[in-house]
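Next come the chains, spelled out residue by residue.
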Amino acid sequence: MPATRLTVDPSHPDAASIEVAATALRSGGLVAFPTETVYGLGADATDERAVRRVFEAKGRPANDPLIVHVHPSWALSRVLDGPLPEPLRRLTESLWPGPLTIIGPRSASIAPSVTDGGPLVAVRAPAHPVALALLDATDRPVAAPSANRFSYVSPTSADHVAHDLGESCDVILDGGRTTWGIESTVVRLDGGALTILRHGATTAEQLVAAVGDLVAVEDPATDVDEDGGVSPGRAVRHYAPELRTVAATPAAIAAADLGAAADAARVVHLGYADRPAASHAAAHFVSLGSLADLPGIAWELYDTLRRLDAAGTADTLIIELTDEPGLGRAIDDRLRRAASGQLASTAAQLEAVLADASRSKGSGR
Ligand code: TXA
Ligand code: MG
């Protein structure tokens, strides 16, 4: 049955719509809702059956754990066991509510399926008024992965959710486009270091400013995990469009002759307004915005990837890395994963990909 879609004001969601969604959650249903990062597909995190439905709806393997969402006013003992170590306590104090996910010992009240039985659970307090109202009305921790089909691009609008999961969730709260358009940053405290498991809307620089005097902030996440073993979201193909996609460094783009591929018109170069390449006349150029506005680029990214997929007018997508610090790290991480780890760092590599693309034109990937 198609989901019930309720349009809500993103700043002041009306109580009646929130109550419909909260009631669905409390009775084991699935509710898609906007957070400040991307839309989540929520289930009562204390309800084992409801949590299993989330994995089924997404086609997500059971060993890829979910993030539990809490209201910032709640005691964390509702979801985590034991006292929070000082660095994590400080992070929650300075960066919550917001796009930061911490990992700690799972409380017995959380359904084991959330973590595939594992002892550690990911938790975040979102900042979006709709998410806050929903958590408050439900009064249960809500397990919610991004509301997309597994390994596809995350949803930043209710239309994206309806496209992917319209038949498999009960309620979609439509609060318009999300604020950041890119997922939360995931961190774990490992002894004396804070490890970034996934770059996201909270920057490494913000983490250092918050806890740099207590712990080292480590960033192994730039190395793409072949097997996704450490944190499954790090799997090499993730957040990926259907289109054949290759990531390229700014240097490779600048030096390559993008027009050289026989079917250059079917090649889209996804880049930046302030870094146009000489050969744009031949290759179709789509701008994600200006590098001076990284939040704007993050906001456009997933919507643009979905639009290019839906349009079906391109065979091959070249996505240019920003090579910027701060939010640029999260954007580049997603671009590399969208390209399933295929990265051209020289003009020759990029031209080889294009030549290959024109040979296998139309066969998809
Ligand atoms: O912004 C976000 O985080 C969004 C919104 C809805 O809150 N949620 C989201 O969830 O992106 P999901 O399930 O698509 O991504 C969760 C990430 C994955 O990379 C997962 O592997 C990692 O968090 N993760 C979850 N629990 C973990 C755990 N116990 N240990 C290590 N990594 C974990
Ligand atoms: Mg996801």
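Procedures and definitions
Residues numbered from 1 in each chain as written. Chains lettered and ligands numbered in written order. Predicted model: local features only at pLDDT ≥ 70, side-chain atom pairs only at ≥ 80, totals over all residues. Heavy atoms only, no water. Helix = DSSP H or I, 4+ residues; strand = E, 2+ residues; numbered from the N terminus. Polar contact = N/O pair within 3.5 Å; in protein donor to acceptor, adjacent residues only side chain to side chain. Core = buried A, V, L, I, M, F, W, Y, C linked by side-chain atoms within 4.5 Å. Buried < 20%, exposed > 50% of the residue type's maximum accessible area, 1.4 Å probe, protein only. Contact = heavy atoms within 4.5 Å. Pairing = 2+ DSSP bridges. Axes fitted to C-alpha atoms, helices over the stretch in contact; angles between N-to-C directions. Right-handed = clockwise from strand over helix to strand, strands pointing away. Phe/Tyr/Trp six-rings, centres within 6.5 Å; stacked < 30°, edge-to-face > 60°. Lys NZ or Arg CZ within 6 Å of the ring centre and 35° of its normal. Arc of directions from axis to C-beta. Parallel < 35°, antiparallel > 145°, perpendicular 65-115°, else oblique. Left-handed = near helix turned anticlockwise from the far one by under 90°. Nonpolar A, V, L, I, M, F, W, Y, C, P; charged D, E, K, R; others polar.

Participant: When you look at the environment of R244 in this model, what are you seeing that I'm missing?
Facilitator: Structurally, the position occupied by R244 is in strand β12 (residues 244-248). Sequence separation of R244 and A344 is 100 residues, and the distance between their C-alpha atoms is 14 Å. Polar contacts involving the side chain of R244 include one to the side chain of T316, which spans 3.1 Å.

Participant: Could you clarify how one ought to interpret the nonpolar core in this entry?
Facilitator: Soluble globular proteins tend to bury their nonpolar side chains together. Judged by nonpolar contacts, the single largest core of 63 residues is most densely connected at L41, V70, L91, V114 and L173. Apart from the residues within four sequence positions on either side, V70 is in contact with L76, V79, W96, V123, R124, A125, P126 and L135. Counting 31 residues, the second largest nonpolar core, distinct from the first, contains Y152, Y239, A298 and L335.

Participant: Mind showing me how you'd approach the sheet that holds strand β2 (residues 31-34) here?
Facilitator: The strands making up a sheet associate through backbone hydrogen bonding, with each pair oriented either parallel or antiparallel. Pairing is mixed in the open sheet, where 11 strands are placed in the order β1-β8-β2-β3-β7-β4-β6-β5-β9-β10-β11. Strands at the two margins of the open sheet, each flanked by one partner only, are β1 (4-7) and β11 (216-218). Sheet topology places strand β4 (residues 67-69) next to strand β6 (residues 120-124); three bridges connect them, and they run parallel. Within the sheet, the bridge partner assigned to H69 lies in β6 and is R124. Across the sheet, helix α3 (residues 86-95) lies against β5 (100-105), β9 (185-190) and β10 (193-198), angled at about 150 degrees from β5, the strand it touches most.

Participant: What am I meant to see in the pairing of β10 here?
Facilitator: It is a general feature of regular strands that their side chains alternate between the two faces of the sheet. Most of β10 sits inside the fold, with six of its six residues counted as buried. Here five bridges tie β9 to β10, and the two strands are oriented antiparallel to one another. Each residue of the ladder has a partner; that of R188, found in β10, is T195. With three bridges joining them, β10 and β11 adopt parallel strand pairing. For T195, the partnering residue across the bridge sits in β11 and is E218. The handedness of the β10 to β11 crossover, carried by helix α6 (residues 204-211), is right-handed.

Participant: Teacher, can you tell me more about the packing of aromatic side chains here?
Facilitator: The full count for this structure, using the stated rule, is one aromatic pair. With 6.5 Å between their ring centres and 10 degrees between their planes, Y239 and Y302 make a pair best called stacked. Here Y302 lies in helix α8 (residues 294-311) and Y239 lies in the loop between β11 and β12, a separation of 63 residues in the sequence. When its relative accessible area of 3% is taken as the criterion, Y239 is described as buried. Just above the ring of Y152 sits the side chain of R149; from NZ or CZ to the centre is 4.8 Å. The aromatic ring of W299 is capped on one face by R177, whose charged end is 3.7 Å from the ring centroid.

Participant: Quick question: what am I supposed to make of unusual backbone geometry here?
Facilitator: Peptide bonds are, in most cases, trans, and in most cases residues other than glycine have a negative phi. A cis amide bond links W96 to the next residue, P97, at an omega of -10 degrees. Residue placement: P97 occurs in the loop between α3 and β5. Phi angles above zero are rare outside glycine, and D323 is one such case at about 60 degrees. With respect to the helices and strands, the residue D323 is situated in the loop between β15 (316-320) and α9 (327-338).

Participant: What am I meant to see in α6 here?
Facilitator: Note on helix geometry: an α-helix contains 3.6 residues per turn, so any two residues three or four positions apart are oriented the same way. Considered for burial, the residues of α6 that qualify are A204, L207, A210 and V211. Viewed along the axis of α6, the buried residues span an arc of 125 degrees, placing them on a single side of the element. In this fold, the buried residues of α6 make contact with α3, β5, β9, β10, β11 and α9.

Participant: Would you take a moment to explain the packing of α8 against α9 for this structure?
Facilitator: At their nearest, the axes of α8 and α9 sit 9 Å apart, and the two run at 20 degrees to each other. For the element pair α8 / α9, the angle class is roughly parallel. Along this stretch, α8 crosses α9, giving a crossing that reads as left-handed. Seen from α8, the contacting residues are L294, P295, I297, A298, L301, Y302 and L305; seen from α9, they are L327, G328, I331, R334, L335 and A338. Split into classes, the residues belonging to the contact of α8 with α9 amount to 11 nonpolar, one polar and one charged.

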